[in-house]
Amino acid sequence: MEMVKILDTTLRDGEQSPGASMNIEEKIQIALQLEHLGVDVIEAGFAASSPGDFEAINQIAKQITTSSICSLARAVPGDIEVAAKAIMPAPLKRIHTFIATSPIHMEYKLKMKPEQVIQRAVEAVKLAKSFVEDVEFSCEDACRSDMSFLKEILDAVVEVGAKTLNIPDTVGYRLPHEMGAIIAELHQHIQNRAILSMHCHNDLGFATANSIAGILSGARQIECTINGLGERAGNTALEEVVMILKTRKDLFSNLQTRIRTQEIYSTSNLVANITGIRPQPNKAIVGKNAFAHESGIHQDGILKHRETYEIMRPSDVGIVGENNLVLGKHSGRAAFKDKIVSMGYRVSNEELQKAFERFKELCDSKKEIFDDDIRAILSEETTHIPQIFVLESLQVSSCSHNHHCAAISIAKEGAVYSDSALGNGSVDSILKTIDRISGFASRLKDYKVEALSRGKDALAKVVVKVEFEDGKGAIIGRGVDVDTMNATAKAYLSALNSYLSMKQFLS
Ligand code: KIV
Ligand code: ZN
């Protein structure tokens, strides 16, 4: 069996999705889940790009033991030194350095001659090798580069020790048959001097197809993200590549990955909850409808013989039951624990206790509890972000002239603070009141509300994107409650807590 390595870049290229920025705690949570999923390499960020990225990579490097931790670095000494410092605590580590090789990038962006680019690449790999054994080199925009130049630069970096050669389709330009031909020619040239890697963007919708074409031509590493997040139209989706290799064993009988596919669904959910970007319902493998059979003919076929319409089992990717009605008022702690373990969660005793208490409270206000309700409880109760501001109570009433008035109490470090404010509508009045109590000025950039599970008494989930006073990107906050206005206040406070925790990390 030959291994196909999986390099997950959700925390780096994935974070480059518009609106997908994550805080350090959230990145650690995702990294721990990626390790559990079994990815070979976690590209945890681009250390030189910001102090926040450096800190996140460094924290992840201290906590992850079985996946290699990688930082991206341009082919410049400063970037490589910072990357090396960030990943240093990790038992398994990699530096991934890159420079553009296409004529258009070399002439207009780098303003460098091809010979200078080769020299820069060689110096970068040599410097990276002085810090770590495992160095990856990428030719940015490789798929629009001249083939003989690609071979020349790849030979040069292999000579000084690059172990993985990444061939990005940076602008998502190639079709699968073209990609297959490019990789076949490079594979023939490189032989087994290094591993060829695919890094495909999805601008024309070919990211997964191109990655698979690369594998068929000899590539043995795939760079991908959970839910296909990434710059512009995104990157290759991890779940798609992995399930293609598993489902089409007839074509890939000699290949395997280390991925525990049963962890795919919970990883997808975690990333969707943290980024606030949910895959579209018809997204392959992890979309809400990916295993839903609507047509009567299909349902009939499935009941008679599952394989008539199903090429994968939902349980292969960790989907257990169809949003099943689960536990009720009388369920005990042990049954609750069983349920969450069967859903793929691993929680500490303290987290279990908090989640169980919250579950009991929910049973008082909601007749039926579904899997999605339990996921929402767990994502709130297992957060590692310090809860500095906590909602105590909230009351909203409508006044004359379309105004609403909110009266809110918030606990902070043992004391309770109350205030009220008028606003144009209930959401505005709630956010204004919280601003008065917290003393932080902020701007609401986005507000989404959805019903979790079903029924008139379904939980409301509110996701907000908020920009705080220093204007350094939007922070995501989430709140879940049977009452939409309570969920709004909780989401806004969670963004504030997240912002404060990030500030504290970086101070
Ligand atoms: O798309 C790309 O070319 C990249 C490289 C930096 C690997 O993300
Ligand atoms: Zn990329």
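The structure this text deals with has already been given above.
Residues numbered from 1 in each chain as written. Chains lettered and ligands numbered in written order. Predicted model: local features only at pLDDT ≥ 70, side-chain atom pairs only at ≥ 80, totals over all residues. Heavy atoms only, no water.

A. Main features of the nonpolar core. Counting 94 residues, the largest nonpolar core has Ile42, Ile69, Phe137, Ile153, Leu154, Leu165 and Ile215 as the members making the most contacts within it. Take this core: its biggest share by element is 8 residues, from helix H6 (residues 147-159). Each of domain 1 (2-275) and domain 2 (289-317) gives at least three residues to this core. Counting 27 residues, the second largest nonpolar core, distinct from the first, contains Leu391, Ile434, Tyr492 and Leu493. (Core = buried A, V, L, I, M, F, W, Y, C linked by side-chain atoms within 4.5 Å. Buried < 20%, exposed > 50% of the residue type's maximum accessible area, 1.4 Å probe, protein only. Helix = DSSP H or I, 4+ residues; strand = E, 2+ residues; numbered from the N terminus. Domains from an automatic or database assignment.)

B. Unusual backbone geometry, seen in detail. Not every positive phi belongs to a glycine, and Gln191 is a case in point at roughly 55°. Judged by relative accessible area, which is 44%, Gln191 ranks as partly exposed. Backbone geometry places Glu413, a non-glycine residue, at a positive phi of 45°. Structurally, Glu413 can be placed in the loop between strand S12 (403-412) and strand S13 (415-424). A residue is classified by how much of its surface remains accessible, and Glu413, at 70% relative accessible area, is exposed.

C. Geometry of helix H15 (residues 426-438). An ideal rise of 1.5 Å per residue puts 18 Å on 13 residues; H15 measures up with 18 Å between its terminal C-alpha atoms. Once H15 ends, the next one or two residues include Gly439, with phi positive near 80°. (Expected span 1.5 Å × (residues − 1).)

D. Expanded view of the packing of aromatic side chains. If you walk through the whole model with that rule in mind, you get 6 aromatic pairs. Note on Phe336 and Phe359: the rings are 4.9 Å apart at their centroids and 25° apart in plane angle, and the pair reads as stacked. Taken as a pair, Phe336 in helix H12 (residues 333-342) and Phe359 in helix H13 (residues 349-365) lie far apart in primary sequence, 23 residues in all. Take Phe336 and Phe359: they sit in the same class, and that class is buried. Ring centres of Phe468 and Tyr499 lie 4.4 Å apart, and the angle between their planes is 15°; this geometry places the pair in the stacked category. Residue Phe468 is located in strand S15 (residues 460-468), and its partner Tyr499 is located in helix H16 (residues 484-506); the two are separated by 31 residues in the primary sequence. Of the aromatic side chains, those joined through ring pairs into one cluster are Phe336, Phe356 and Phe359. (Phe/Tyr/Trp six-rings, centres within 6.5 Å; stacked < 30°, edge-to-face > 60°.)

E. Structural context of the coordination of the zinc ion (ligand 2). All of the protein donors around the zinc ion (ligand 2) are Asp13 (OD), His199 (NE2) and His201 (NE2); their distances to the metal are 2.0 to 2.2 Å. For the zinc ion (ligand 2), the donor residues sit on a single chain with the sequence spacing D-x185-H-x1-H. (Donors = N, O, S within 2.8 Å, 3.2 Å for Na, K, Ca; no water.)

F. Broad picture of the site of ligand 1. Every residue near ligand 1 is listed here: Arg12, Asp13, His96, Phe98, Ser138, Glu140, Asn166, Pro168, Thr170, His199 and His201. Thr170 places a side-chain nitrogen or oxygen 2.6 Å from an oxygen atom of ligand 1. Between ligand 1 and the protein, one listed contact pairs an oxygen atom with a side-chain N or O atom of His201 at 3.0 Å. In the complex, 93% of the free accessible area of ligand 1, which totals 260 Å², lies under the protein chains. Counting residues per element, the ones that place at least two in the shell around ligand 1 are strand S5 (93-100), strand S6 (135-140) and strand S7 (164-169). Here the shell around ligand 1 is composed, by residue class, of 2 nonpolar, 6 polar and 3 charged. (Near = heavy atom within 4 Å. Polar contact = N/O pair within 3.5 Å; in protein donor to acceptor, adjacent residues only side chain to side chain. Areas by Shrake-Rupley, 256 points an atom, 1.4 Å probe, with all protein chains shown as cover. Nonpolar A, V, L, I, M, F, W, Y, C, P; charged D, E, K, R; others polar.)

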